[in-house]
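As a plain string of letters, each chain reads:
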Amino acid sequence: MAEKTPHQNVTFPLPQAEVTDTGHGYLATPPSGSGPGVIVIQEWWGLTDHIKEVTDRLAAAGFVALAPDLYGGWITHDGEEAGELMSKLPAEEGARQLAGATDFLLAHDDVTSRTVGAIGFCMGGGFVLALAAQQGEKVSAAVPFYGVGQAVPETYTGVTASIQGHYATQDEMYPESEARRQEAQIREESDAEVEFFYYEAGHAFHNDENLIGTYDPEKAKLAWERSVDFLRKKVR
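An unreviewed UniProt entry lists the chain under the name Dienelactone hydrolase family protein, from Nesterenkonia sphaerica.

Right under this line is the structure:
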């Protein structure tokens, strides 16, 4: 059953619209107290313990990491409920919240970079690509993990960020053939530096909560190491 997340610890202003004027999320800072900014975008489960842990791991790696709460405080571990929560989040509203999160990080005293990076999983992977398309030069690095959902862009002409994709060859939600078509489209339409990695694994192979039974610790470790190295090189 859906429940409230315990992980909100920061608010930030959003671009004006009729829905709400304030965004919420979880912010983690590195031991040094400052670093480049990275946005972490949730899966369809919400701002769960797993997403908090990912954000904390990025902070431990030297980033100021912010996970916006796109569901307004709700999380679930039930697939049917997750699908319902995702269906109630218009792509435009998610993009608005991420725009607010981007501006919040770029103005934050602890953020040392002039741009932000973004990493997201499942639904969040789709929003990573949307954020890169919509925010232009504010985003220097985009890391989608098996990105699906309502926010996957129709076009990538606005993308200037470097993109590192992590996709699965046994993904039943987003087949490898679709991922390869997406990779080719990004290369054709954008000015981005693009690299996609494909893993012999299933959808959500990085999620150690293993809610759909596809977690692969070896592939997750490799993808994570590649992602952190990429963000370190690209977010300036």
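**Student:** Honestly, the overall build of the chain in this entry has me stumped. Any pointers?
**Tutor:** Each helix and strand in the chain was counted, giving six helices and ten strands. Here the C-alpha radius of gyration of the chain, 16 Å, is about what a compact globule of 236 residues would show, namely 18 Å. Oriented by its inertia axes, the alpha-carbon framework of the chain measures out at about 40 × 40 × 35 Å. Residue burial in the chain is summarised as follows: out of 236 residues, 56% are buried. Taking contacts inside the chain between residues at least 6 apart in sequence as the whole, the part at least 24 apart equals 71%. When the accessible area of the chain is evaluated, it comes to approximately 9900 Å², of which 47% is carbon and sulfur surface. Distance from the positive charge centre (17 side chains) to the negative charge centre (36 side chains) of the chain: 7 Å.

**Student:** Mind showing me how you'd approach the pairing of strand 5 (residues 64-68) here?
**Tutor:** Note on strand geometry: in a regular strand, side chains alternate between the two faces of the sheet. Counting buried positions along strand 5 gives five out of five residues, so the element sits mostly inside the fold. The alternating pattern of strand 5 places Val-64, Leu-66 and Pro-68 on one face and Ala-65 and Ala-67 on the opposite face, and all of these are buried. Sheet topology places strand 3 (residues 22-28) next to strand 5; four bridges connect them, and they run antiparallel. Bridged to Leu-27 within strand 5 is Leu-66. Pairing analysis gives three bridges linking strand 4 (residues 35-41) to strand 5, with the strands arranged parallel. For Ile-39, the partnering residue across the bridge sits in strand 5 and is Leu-66. Considered for its hand, the β-α-β crossover made up of strand 4, helix 1 (residues 49-60) and strand 5 is right-handed.

**Student:** Just to check I follow, could you spell out the packing of helix 3 (residues 91-107) against helix 4 (residues 123-135) for this structure?
**Tutor:** The description of two helices packed together rests on the angle between their axes and the distance between the axes. One can describe the packing of helix 3 onto helix 4 by two numbers: an axis separation of 10 Å at closest approach and a directional angle of 65°. Considering their axes alone, helix 3 and helix 4 lie roughly perpendicular with respect to each other. Helix 3 and helix 4 meet at a crossing whose hand is right-handed. Between helix 3, through Ala-91, Gly-94, Ala-95, Leu-98, Ala-99 and Thr-102, and helix 4, the contact on the second element is made entirely by Phe-127, Leu-131, Gln-134 and Gln-135.

**Student:** Sorry, what's going on with the UniProt feature "domain: Dienelactone hydrolase" (unreviewed entry) in the chain here?
**Tutor:** Here the UniProt-annotated "domain: Dienelactone hydrolase" (unreviewed entry) positions come out as residues 25-233. Between the C-alpha atoms that bound residues 25-233 there is a distance of 25 Å. The span itself is 39% helix and 23% strand.

**Student:** Is there a simple way to think about the packing of aromatic side chains in this case?
**Tutor:** Geometry of an aromatic ring pair is reported as the spacing of the ring centres plus the angle between the planes. Here the structure, examined in full by the defined rule, presents ten aromatic pairs. Seen from their ring centres, Phe-12 and Phe-104 are 5.7 Å apart, and the 35° between their planes marks the pair as tilted. Residue Phe-12 is located in strand 2 (residues 10-13), and its partner Phe-104 is located in helix 3; the two are separated by 92 residues in the primary sequence. There is no split in this pair, since Phe-12 and Phe-104 are both buried. Consider the rings of Tyr-167 and Tyr-174, whose centres lie 6.0 Å apart with planes at 45°: the pair is tilted. The same class applies to Tyr-167 as to Tyr-174, namely buried. Linked through ring pairs, Phe-121, Phe-145, Tyr-146, Tyr-199 and Phe-205 together constitute an aromatic cluster. The side chain of Arg-57 reaches across the aromatic face of Trp-224, ending 4.1 Å from its centre.

What counts and how
- Every chain's residues receive numbers from 1 upward, in the order its sequence appears when written.
- Given that the model is predicted, a residue must reach a pLDDT of at least 70 before its local features are reported, and side-chain atom pairs must reach 80 or more before they are shown or counted; all residues, however, enter totals for whole chains, interfaces and linings.
- For side-chain calculations, the full set of non-hydrogen atoms in the structure is used, while hydrogens and water are omitted.
- A run of H or I in DSSP becomes a helix once it reaches four residues, and a run of E becomes a strand once it reaches two; helices and strands are each numbered from the N terminus.
- C-alpha atoms define the radius of gyration in this analysis, and the globule rule sets the expected value at 2.2 Å times the number of residues to the power 0.38.
- Think of it in three bands: residues with accessible area under 20% of the maximum for their type are buried, residues over 50% are exposed, and the middle band is partly exposed, with areas taken using a 1.4 Å probe on protein chains only.
- Here a residue-residue contact requires only that any non-hydrogen atoms of the pair lie within 4.5 Å.
- Where accessible areas are quoted, they stem from the Shrake-Rupley method and a 1.4 Å probe; at the residue level, only the protein chains shown are allowed to cover.
- His is not counted, nor are the chain ends; Lys and Arg add positive charge and Asp and Glu add negative charge.
- To locate a charge, take atom NZ for lysine, CZ for arginine, CG for aspartate or CD for glutamate.
- A strand pair is defined by DSSP finding two or more bridges across the two strands.
- For crossovers, right-handed means that the path from the first strand over the helix to the second runs clockwise, given strands pointing away from the viewer.
- Fitted lines through C-alpha atoms give the axes, limited to the stretch in contact for helices. The angle between two N-to-C directions lies from 0 to 180 degrees.
- Reported orientations rely on four angle classes, namely roughly parallel under 35 degrees, roughly antiparallel over 145, roughly perpendicular from 65 to 115, and oblique for the rest.
- Handedness of a crossing follows from how the near helix is turned relative to the far one, being left-handed for an anticlockwise turn of less than a right angle and right-handed for a clockwise one.
- UniProt positions are given in the numbering used here, feature names are shortened, and annotations may be inferred rather than shown by experiment.
- Any two rings among Phe, Tyr and Trp, with Trp reduced to its six-membered ring, count as a pair given centres within 6.5 Å; such a pair is stacked if its planes are under 30 degrees apart, edge-to-face if over 60, and tilted if neither.
- For a Lys NZ or an Arg CZ to count as sitting over a ring, it must be within 6 Å of the ring centre and within 35 degrees of the ring normal.

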